[in-house]
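These are the residues of each chain, in order.
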Amino acid sequence: AKAPDVLLCDEPTGALDYRTGIKVLEVLRQVNKELGTTLVLITHNAAIAEIADRVVRMRSGRILETIRNASPKAPEAIEW
């Protein structure tokens, strides 16, 4: 539990204000970088995709597209 290989995050910023949401995303990014944990972040907030290395867009249980993000932004650089 302390160092999982994969961390599933379902709407981790869904009920949070902007500042708290950014803090949560910063912690998740730190876990990814420092522990090498793969993060799967599910969200309806399209702006959060800007921090991801890879984005998979889905509709009705089907993959619409998969995008590689060559230049992910830092959480504090996104706005929603």
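Look above for the structure.
Predicted model only: the values in this text are computed from it and were never measured. Residue positions are given per chain, counted from 1 along the sequence in the order it is written. Two thresholds apply to this predicted model, a pLDDT of at least 70 for residue-level local features and 80 or more for giving and counting side-chain atom pairs, whereas whole-chain, interface and lining totals are computed over all residues. Excluding hydrogens and water, the side-chain figures rest on all heavy atoms present in the structure.

The next point concerns unusual backbone geometry. At glutamate 11, a residue that is not glycine, the phi angle is positive and equals roughly 50 degrees. Checked against the element boundaries, glutamate 11 lands in the loop between β1 (6-10) and α1 (18-35). Exposure categories follow from relative accessible area, calculated using a 1.4 Å probe and restricted to protein chains: below 20% of the type maximum is buried, above 50% is exposed, and the middle band is partly exposed. By relative accessible area, glutamate 11 is classed as partly exposed at 27%. Its identity is not glycine, yet serine 60 carries a phi of approximately 50 degrees, on the positive side. On the secondary structure map, serine 60 appears in the loop between β3 (54-59) and β4 (62-68). By the criteria applied, helices consist of DSSP H or I runs no shorter than four residues and strands consist of E runs no shorter than two, each listed in order from the N terminus.

Consecutive side chains of a regular strand alternate in pointing toward one face of the sheet and then the other. Bridge count for β3 against β4 is six bridges, and the pairing is antiparallel. Pairing of valine 56 across the sheet is with threonine 66, part of β4. Connecting β3 to the next strand, β4, in antiparallel fashion are two residues, including serine 60 with a positive phi near 50 degrees. Whether two strands pair depends on DSSP finding at least two bridges between them.

Take the side chain of threonine 13 next. If you trace the backbone, threonine 13 turns up in the loop between β1 and α1. What makes threonine 13 buried here is its relative accessible area of 6%. Ignoring anything within four residues of it in the chain, the contact list for threonine 13 reads Gly21, Leu25, Ile48 and Trp80. Two residues qualify as a contact provided that any one of their heavy atoms is within 4.5 Å of a heavy atom in the partner residue.

These figures capture arrangement, not role.
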